[in-house]
Amino acid sequence: MGNCLEGRSKVDNSLSSRTSTSGTTQSAYKSSNSLRLSNLTLPTNSEKSTSGSLPTPRSEGEILSSPHLKAFTLNELKNATRNFRQDNLIGEGGFGYVYKGWIDEHTLSASRAGSGIVVAIKKLKPEGFQGHKEWLSEVNYLGQLHHPNLVKLVGYCVDGSNRLLVYEYMPKGSLENHLFRRGARPLSWAKRIRVAVDAARGLSFLHNSKEQVIYRDFKASNILLDSEFNAKLSDFGLAKSGPTGDRTHVSTQVMGTQGYAAPEYMATGRLTAKCDVYSFGVVLLELLSGRHAVDKTKVGVEQNLVDWARPYLGDRRKLFRIMDTKLEGQYPQKGAFMVAILALQCIGEAKLRPQMSEVLHALEQLSTTKQSQSPSHSRLSTGSHSPVPPRLSSSNHSPVPKSPLKHNFPSPMNKSPRGSPVPHQLKSPRGL
């Protein structure tokens, strides 16, 4: 699993940096031998899944007795991975290891290598970052919630101190690898928009379930891609049930990943669905720029993607300065500007951020127009990798851009930094 390649850190009211190893290990995901789970005897996914209700609280026994999941024995998973052989290792991190395995598509029993259905088996280290509580959280949520844009959890294993999870295999790996791994084939603009739409559908489903679920760890490494580049959310170890009744938030220990966590959550520990919206905005910026949310190899403000990109997002004349050079100018300038404005609103002041359903609506409209497919007509300047910005009439350039959202949320360009409920010095994650 793309997300399974990172350890998770947690600190009170701050986030420490998480070191990713996915750039080197996730490359083991190959499109060959990538049998799909379409015939697997699991619940059918749908936008209006009847599994959208999460009765809480539930005991561990109730969680593990889910009729949708298979309880594997340790021996079964040893057989599926040929005793966790090194050549089946496809991921490694602070949490443990991820192996490729094979199971029978009808009985779900272990089968010989190359026969049956390919699965990804995550084996936790007993002393790893991802403990029993987070393991149980994944079983709880993915055992009940089913949607085309959530990764399928096939089953689990608990045997003494051993904790394992069995997922559908995602042959294209994580979005993070496609954006940042050296030597990876660049994602086209159309594929980037498609991934954004799929991820928005997954988040929107969680937020609009009968009992709201806040994902809390939305990032590029947790967005996995199947053989056709359909995107699915993975890793529900930090997921949390949303506020109920008259409550506006859930108070919780600050946990997540540096660069993606909303500043007001970091400052107060108050979790809302708008925190996921902020994280989504950061991923939109990664899709636009091809840069990491946090990059310690950069200097000054460029270390933090949000801080660096924000001044350019509302200005069509300047947007080209942050666009991913790997796109080589092959993107629709109007479409890119619309995505930039959407990202700007997602990372804006919490109370002004749109709902994920509104973000999804805006992206779906974009994906159905030529703006998601037509290449830019901008030209690359001689001897430079930066596209020359197009000539725009004054009527096309407004200091206060119009929102692409249906309800036309106020542009964050109208807000001064002092308008935020979070102190200015906490705008960026601590520890940068």
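Residues numbered from 1 in each chain as written. Predicted model: local features only at pLDDT ≥ 70, side-chain atom pairs only at ≥ 80, totals over all residues. Heavy atoms only, no water.

Trainee: Can you walk me through the overall build of the chain in this structure?
Mentor: Helices and strands together make up the secondary structure of the chain, namely 11 helices and 12 strands. Counting the 432 residues in the chain, one finds 56% classified as buried. A separation threshold of at least 6 residues defines the contact pool for the chain, and within that pool the share at least 24 residues apart is 71%. A total accessible area of about 18,900 Å² is found for the chain, and carbon and sulfur atoms account for 48% of it. (Helix = DSSP H or I, 4+ residues; strand = E, 2+ residues; numbered from the N terminus. Buried < 20%, exposed > 50% of the residue type's maximum accessible area, 1.4 Å probe, protein only. Contact = heavy atoms within 4.5 Å. Areas by Shrake-Rupley, 256 points an atom, 1.4 Å probe, with all protein chains shown as cover.)

Trainee: Whenever I open this one, the pairing of strand S5 (residues 153-159) confuses me. Can you help?
Mentor: For a regular strand, side-chain orientation follows a simple rule: the groups alternate between the two sheet faces. The buried fraction of S5 amounts to five of the seven residues, a majority that puts the element mostly inside the structure. In the sheet, strand S1 (residues 70-71) pairs with S5 via two bridges, with the strands oriented parallel. Counted as the bridge partner of Ala71 is Tyr156 from S5. One ladder, built from six bridges, connects S5 with strand S6 (residues 162-168); its direction is antiparallel. From the neighbouring strand, Asp159 faces S6, where its bridge partner is Asn162. (Pairing = 2+ DSSP bridges.)

Trainee: Just to check I follow, could you spell out the pattern of salt bridges for this structure?
Mentor: A pair can form between side chains of opposite charge whenever their charged atoms are brought close. A full pass over the atoms with the stated rule returns 14 salt bridges. Salt-bridge contacts for Lys70 lead to Glu76; the nearest nitrogen and oxygen are separated by 3.7 Å. Among the ionic pairs, Asp217 bridges to Lys219, the shortest N-O distance being 3.8 Å. Considered together, Asp217 and Lys219 belong to a single accessibility category, that of buried residues. (Salt bridge = Lys/Arg side-chain N within 4 Å of Asp/Glu carboxyl O.)

Trainee: Looking at this structure, how should I read the sheet that holds strand S4 (residues 117-124)?
Mentor: Neighbouring strands of a sheet are bound in pairs by backbone hydrogen bonds; such pairs are parallel or else antiparallel. A sheet is described by the order of its strands in space; here six strands give the open sequence S1-S5-S6-S4-S3-S2, paired in mixed fashion. Pairing within the sheet leaves two strands with one partner each, and these edge strands are S1 and strand S2 (89-93). The pairing of S2 with strand S3 (residues 96-103) spans four bridges and is antiparallel. Its bridge partner being in S3, Leu89 is matched across the sheet by Tyr99. Its contacts with the sheet put helix H4 (residues 132-142) on S4, S5 and S6, and the angle it makes with S6 is roughly 35°. (Axes fitted to C-alpha atoms, helices over the stretch in contact; angles between N-to-C directions.)

Trainee: Which parts of the structure should I look at to understand the UniProt feature "binding site: ATP" (unreviewed entry) in the chain?
Mentor: Mapped onto this numbering, the UniProt entry annotates "binding site: ATP" (unreviewed entry) at Lys123. Positionally, Lys123 belongs in strand S4. Other than its neighbours up to four places away in sequence, Lys123 contacts Phe84, Phe95, Gly96, Tyr97, Tyr99, Asn162, Arg163 and Leu164. (UniProt positions renumbered as here; feature names shortened; annotations may be inferred.)

Trainee: I would appreciate a short explanation of the nonpolar core in the present structure.
Mentor: Among soluble globular proteins, nonpolar side chains are generally buried collectively. Core analysis: the largest hydrophobic core is formed by 88 residues, its most contacted members being Leu206, Leu233 and Phe280. Here this core spans two domains, and each of domain 1 (63-169) and domain 2 (170-370) adds at least three residues to it. Those residues in contact with Leu233 that sit more than four places away from it in its chain are Asn149, Leu150, Val151, Ala199, Gly202, Leu203, Leu206, Tyr215, Phe218, Asn222 and Ile223. Residues Leu77, Leu108, Ile117 and Val154 belong to the second largest nonpolar core, which totals 16 residues. (Core = buried A, V, L, I, M, F, W, Y, C linked by side-chain atoms within 4.5 Å. Domains from an automatic or database assignment.)

Trainee: I tried to follow the environment of Pro148 on my own but got confused; where do I start?
Mentor: Secondary-structure assignment places Pro148 in the loop between H4 and S5. By relative accessible area, which is 34% here, Pro148 ends up partly exposed. Taking the C-alpha atoms as reference points, Pro148 and Ala231, separated by 83 residues in sequence, lie 8.7 Å from one another.

Trainee: Explain the packing of helix H8 (residues 273-289) against helix H9 (residues 305-313) to me, please; I cannot follow it from the model alone.
Mentor: A pair of packed helices is captured by two measures, namely the crossing angle of their axes and the spacing between those axes. Here H8 crosses H9 at 75°, and the two axes come no closer than 11 Å. On the basis of their axis angle, the class for H8 and H9 is roughly perpendicular. Residue-level contacts link Tyr278, Val282, Leu285, Glu286 and Ser289 of H8 to Leu305, Val306, Trp308, Ala309 and Leu313 of H9. Taken together, the residues of the contact of H8 with H9 break down into eight nonpolar, one polar and one charged. (Parallel < 35°, antiparallel > 145°, perpendicular 65-115°, else oblique. Nonpolar A, V, L, I, M, F, W, Y, C, P; charged D, E, K, R; others polar.)

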